[in-house]
Amino acid sequence: MPKKRSSAKSAGKSITKTGAQIIVDTLIEQGVETMFGYPGGVVLPLFDKLYDAPIRFIVPRHEQGGCHMADGFARATGKVGVIVVTSGPGACNLVTGLATAMMDSVPIVALTGQVRTELIGNDAFQEADTTGITRPVTKYNSIVKDVKELARAIREAFHIASTGRPGPVLIDIPVDIQVAKCSDDDGTELKLPGYKIMRGGHARQISSAAAAINASERPVLYVGGGVISANASEELRALAEKAHIPVTMTLLGLGSYDQSKAESLDMLGMHGTAYANYAVQECDLLIAVGARFDDRVTGKVKTFAPHAKIVHIDIDPASISKNVHVDIPVVGDAKHILGELAKEVEYGERKAWFSRIAGWKKKHPLGYDRNSSVIKPQYVIEQVCEQTGGEAIITTGVGQNQMWAAQFYRFHRARQLISSGGLGTMGYGLPAAIGAQVGRPDATVIDIDGDHSFNMTLTELRTAVEYELPIKVCILNNGYMGMVRQWQELFYNKRYSKTYLANPEYAEVAEALGAAGIMVEKKADVPKAIRKMLAEKKPCVVDFRVEREENVWPMVPAGASISEMDGLDILESMA
Amino acid sequence: MKHIISALVENKPGVLAHVAGMFAARAFNIDSLVVGRTEDPALSRMTIVVVGDDRVVEQVRKQLAKIVPVVKVQDFVGQPVVARDLMLISISAPAEKRPEIISLIETFKGKVVDIGQKFVMVEISGPEAKIEGFIEMCRPYGIKSVARTGTIAMPRQSKVSGE
Ligand SMILES: Cc1ncc(C[n+]2csc(CCOP(=O)(O)OP(=O)(O)O)c2C)c(N)n1
Ligand SMILES: [Mg+2]
């Protein structure tokens, strides 16, 4: 889709610039005010130009952390996250971060240095086949071998990363290209004949979807992260209200629909609510929007939503009918399509349906043992939610902490929950919180983390201190890799193989790194500790010594239908 | 079922790796994959033969189309197409068997392109079934080696078959 950009100053024919200067100018032209990166040998020319460039630059302690920061920044702001690193080890350290962003469709532009063009393929010092290594974990990547193509390659990267189904794009730039001089670059025209985005959504398909909604007695909206990347929460709310349809969200979809509303069924899937899972299994129409029928959502695919006609609205045609047969596919931008759909739907009372849902909600609320004298992890999250008025940006680790955060924090707005859903990357929470705080300096950003997830990237706490980013970390410290332990308890006879590791005193670690640290052992001290944490101007880590062998309920065991949840009896006994 | 998929791709480094990597990562099976230049120096054509049920092939088509430097994807299934394979085959051909072999080659409209004391090398093209048939017919004489291009194809414009 070639597209002209008028703002391209670097396209001037007469000015001679180095590749490094072209990179910086093009980043500025693309609206970059903040970026992340870590230096090294083959990006020296670029870093020299960045020395006095008007771009805020955050240096992480590890490139993986930097990539998660760019990702957290992107998810919190809706802008493209930018990261620049050196060749070889620098580029290799991006892989986990890129894969995380790829799975969750997060727009990132990664620039990597590369060895001199004539050395490529010679196993030169710090050479890695970066485009080869990152091809499966990027939406697109390329190597620039002619300085004339540099500006265009970067413009294309931003265009591809941020349009259609967003994703990370990597551009590999050999060091000689950064120092090469260029007076007439390739112009501003993007050359992407193979890149097409279907924005519109077929009018006839939209009408069929509307007709299906109007005819449905038991519809459910099942929405994912696509609604958030499309900034379509408002259109979603309008549609759900106008047609009167209950809404369930995936982990990545949380926040797209206000959970304080009666129509919210909260999260569905493996650790979703019983009422969401029952509603999906009983509905006669499932309207999937920006969601991809992931196995953590569908459980046993063959018996997923067995009575439902399925409408699937998605910008990515390849998502449609990939896992589940779709009756009415609508390819296009969720914001546009939901808006059009709302025009054609009618209000449906659906009294019987809503009263069944109300029954399930009443019978199977989420819960935990509130009378326990030990700190329950769920209690910590409820307290955090209460004290932040449900308005904080929450990032998470992976495991039980992540599921409890999704279950017990009540999200009102898009971009409030930032979590590695698709890849499930432990260590994501802290750097993502830092990136989110960089992008949203006024927001309260809290990483609800697991002890072992936190262990993986805790070095980035120093980055938060360095840049005076007042992020908060609530470690739900159970000593275990809790989610794995839960599976060992349930399916491996409580043989806790390699899932316990002794942790350091996190409060002391935090203090040593220049942050504030608090340790909480008593349940009665939880509210006070959270108050203190929220008042803290420095980055602050709170080490909550929680119940060690708490389980996440309900749970759909592997291979079961999502209505076959374990733990409902346990939840009932605690209610 | 066998599908012939034709993909017009940008003539850029890394495209073949991207396509091949996608097939491997998504566990799709490739029967054959042929890449060649087109009349436009900026574009190459890949002809890919895949076997799978309609759902799998539908995914293959969509996943291919999703690759940024892939410009256009067509699945020729259900359309009349001209599909051709090219093969070089070296057959052991002692003097006493030679007349037999030569007449076999003629029947199949093959061409002898190299000949030695004990072998002949034959160039033969046509639909895959013909190539497979020729290989079977050659087996009794002893096949020394085979090199095949894999299928290339184009949809028929006319309704009449020239075959
Ligand atoms: C990088 C990485 N390695 C391994 C895993 C597998 N895994 C999933 S959850 C989990 C345990 C997480 O432990 P912790 O962070 O303490 O969280 P908890 O479940 O205890 O809340 C592990 C090891 C993973 N998701 N990511
Ligand atoms: Mg833990």
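Note that the structure is a prediction, hence the values are computed from the model and not measured.

All right, on to the overall build of chain A then. In terms of regular secondary structure, chain A is built from 24 helices and 20 strands. Computed over C-alpha atoms, the radius of gyration of chain A comes to 24 Å, within 12% of the 25 Å expected from 2.2 N^0.38 for 575 residues, which places it in the range of a compact globule. With respect to the three principal axes, the spread of C-alpha positions in chain A is 75 × 60 × 40 Å. Burial analysis of chain A (575 residues in total) assigns 60% to the buried set. Contacts in chain A between residues at least 24 apart in sequence constitute 75% of all its contacts with a sequence separation of at least 6. In chain A, 63 side chains carry a positive charge and 66 a negative one; their mean positions are 2 Å apart.

Taken together, the 19 residues of chain A in the interface contact 16 residues of chain B. A combined buried area of about 1400 Å² lies between chain A and chain B, and 53% of that area is made up of carbon and sulfur atoms. Between the two partners, chain A and chain B, sit one salt bridge. Measuring nitrogen to oxygen at the nearest pair gives 2.6 Å for the salt bridge that ties A:D316 to B:K66.

Right, let's talk about the domain arrangement of chain B for a bit. All names here are of chain B. Splitting chain B by domain gives domain 1 (2-75) and domain 2 (81-155). One C-alpha centre belongs to domain 1, the other to domain 2; they are set 28 Å apart. Between domain 1 and domain 2, the residue contacts involve seven residues of the former and eight residues of the latter. Carbon and sulfur atoms supply 60% of the area buried between domain 1 and domain 2, which totals about 540 Å² over both sides. K2 is the salt-bridge partner of E128, the closest N and O atoms lying 3.1 Å from each other.

In this section: helix α17 (residues 400-408) of chain A. For an α-helix, 3.6 residues make a turn, and residues three or four places apart therefore share a direction. A large share of α17(A) lies buried, amounting to nine of its nine residues. Buried within α17(A) are the following residues: A:Q400, A:N401, A:Q402, A:M403, A:W404, A:A405, A:A406, A:Q407 and A:F408.

All names here are of chain A. Counting 69 residues, the largest nonpolar core has L221, I287, V289, I313 and F544 as the members making the most contacts within it. Residues from two domains meet in this core; each of domain 2 (203-363) and domain 3 (377-552) gives at least three. Every residue in contact with I313, bar those within four places of it in the chain, is listed here: I287, A288, V289, G290, V330, A334, I337, L338 and L341. M69, I83, L94 and L170 belong to the second-largest nonpolar core, a separate cluster that totals 43 residues.

This part is about the coordination of the magnesium ion (ligand 2). Four donors placed tetrahedrally about a metal ideally form angles of 109.5 degrees, and six donors placed octahedrally ideally form angles of 90 or 180 degrees. All names here are of chain A. Donor atoms from the polypeptide that bind the magnesium ion (ligand 2) are D451 (OD), N478 (OD1) and Y480 (O), placed at 2.0 to 2.1 Å. Mapping the donors of the magnesium ion (ligand 2) onto the primary sequence yields the spacing D-x26-N-x1-Y. A residue pair is termed long-range when its members are at least 10 positions apart, and D451 in helix α19 (residues 451-457) and Y480 in the loop between β18 (472-477) and α21 (482-491) qualify at 29 residues. Take D451 and Y480: they sit in the same class, and that class is buried.

Okay, the sheet that holds strand β2 (residues 30-37) of chain B next. All names here are of chain B. Taking strand neighbours across the sheet as the criterion, the four strands line up as β2-β3-β1-β4 in an open arrangement whose pairing is antiparallel. Both outer strands of the open sheet, β2 and β4 (70-75), are each paired with one neighbouring strand and no more. With strand direction ignored, the average angle separating the axes of adjacent strands in the sheet is 15°. Seen against the sheet, helix α1 (residues 15-25) touches β1 (2-10), β2, β3 (43-51) and β4 and runs at an angle of roughly 15° to β3. Set on the sheet, helix α2 (residues 54-66) makes contact with β1, β3 and β4; between it and β4 the angle comes to about 160°.

Right, let's talk about the sheet that holds strand β5 (residues 108-114) of chain A for a bit. Residue and element names in this part refer to chain A. Pairing in this open sheet of six strands is parallel, and the strands run β3-β2-β4-β5-β7-β6 from one edge to the other. Taken across any chain shown, the strands that pair with only one partner, and hence form the sheet edges, are β3 (56-58) and β6 (140-143). With direction set aside, neighbouring strand axes in the sheet form an average angle of 20°. Sheet analysis places β6 next to strand β7 (residues 168-174), joined by four bridges and oriented parallel. Following the sheet pairing, S142 is matched in β7 by I171. Its contacts with the sheet place helix α7 (residues 150-162) against β4 (81-85), β5, β6 and β7, and it is angled at close to 165° to β7.

Residues and elements named next belong to chain A. When the domains of chain A are assigned, the result is domain 1 (16-183), domain 2 (203-363) and domain 3 (377-552). Placing a centre on the C-alpha atoms of domain 1 and another on those of domain 2 gives a separation of 37 Å. Domain 1 puts six residues into the contact, and the matching count from domain 2 is six residues. Summing the contributions of domain 1 and of domain 2, the shared interface buries around 500 Å²; its carbon and sulfur component is 55%. Looking only at domain 1, the three residues that lose the most surface to domain 2 are M103, D104 and R165, adding up to 66% of its buried area. Linking domain 1 to domain 2 there are one salt bridge. One salt bridge connects D316 with R165, and the closest N-O pair in it is separated by 2.8 Å.

What follows is about the pairing of strand β9 (residues 219-223) of chain A. Residue and element names in this part refer to chain A. In terms of residue burial, β9 counts as a mostly covered element, since five of its five residues are buried. Of the two faces of β9, the one holding P219, L221 and V223 and the one holding V220 and Y222 are both buried throughout. Summarising the sheet, β9 and strand β12 (residues 285-289) pair through five bridges and their orientation is parallel. Along β12, the bridge assignment pairs P219 with L285. Two strands pair when backbone bridges link them, and β9 and strand β10 (residues 247-249) are joined in this way by three bridges, in the parallel orientation. Within the sheet, the bridge partner assigned to Y222 lies in β10 and is T248.

The next subject is the site of ligand 1. Residues and elements named next belong to chain A. What surrounds ligand 1 is a group of 17 residues, the closest being Q400, G424, D451, S453 and G482. D451 is positioned such that a nitrogen or oxygen atom in its side chain is 2.4 Å from an oxygen atom of ligand 1. In isolation ligand 1 has 590 Å² of accessible area, and contact with the protein removes 76% of it. At the level of elements, α17, α19 and α21 are the ones that each hand at least two residues to the shell around ligand 1. The element best represented in the shell around ligand 1 is α19, accounting for four residues. Tallied by class, the residues present in the shell around ligand 1 amount to seven nonpolar, nine polar and one charged.

Okay, the packing of helix α16 (residues 377-387) of chain A against helix α23 (residues 526-535) of chain A next. Residues and elements named next belong to chain A. Where α16 contacts α23, the axes come no closer than 10 Å and their chain directions differ by 50°. The orientation of α16 relative to α23 falls into the category oblique. Between α16 and α23 lies a crossing of right-handed hand. Between α16 and α23, the contacting residues are Y379, V380, Q383, V384 and Q387 on the first element and V526, P527, I530, R531 and L534 on the second. Of the residues assigned to the contact of α16 with α23, the class counts are seven nonpolar, two polar and one charged.

What counts, and at which threshold
- Residues numbered from 1 in each chain as written.
- Chains lettered and ligands numbered in written order.
- Predicted model: local features only at pLDDT ≥ 70, side-chain atom pairs only at ≥ 80, totals over all residues.
- Heavy atoms only, no water.
- Helix = DSSP H or I, 4+ residues; strand = E, 2+ residues; numbered from the N terminus.
- Rg over C-alpha atoms; globule rule 2.2 N^0.38 Å.
- Buried < 20%, exposed > 50% of the residue type's maximum accessible area, 1.4 Å probe, protein only.
- Contact = heavy atoms within 4.5 Å.
- Lys, Arg positive; Asp, Glu negative; His and termini not counted.
- Charge placed at Lys NZ, Arg CZ, Asp CG, Glu CD.
- Buried area = accessible area lost by both parts, 1.4 Å probe.
- Salt bridge = Lys/Arg side-chain N within 4 Å of Asp/Glu carboxyl O.
- Domains from an automatic or database assignment.
- Core = buried A, V, L, I, M, F, W, Y, C linked by side-chain atoms within 4.5 Å.
- Donors = N, O, S within 2.8 Å, 3.2 Å for Na, K, Ca; no water.
- Pairing = 2+ DSSP bridges.
- Axes fitted to C-alpha atoms, helices over the stretch in contact; angles between N-to-C directions.
- Near = heavy atom within 4 Å.
- Polar contact = N/O pair within 3.5 Å; in protein donor to acceptor, adjacent residues only side chain to side chain.
- Areas by Shrake-Rupley, 256 points an atom, 1.4 Å probe, with all protein chains shown as cover.
- Nonpolar A, V, L, I, M, F, W, Y, C, P; charged D, E, K, R; others polar.
- Parallel < 35°, antiparallel > 145°, perpendicular 65-115°, else oblique.
- Left-handed = near helix turned anticlockwise from the far one by under 90°.

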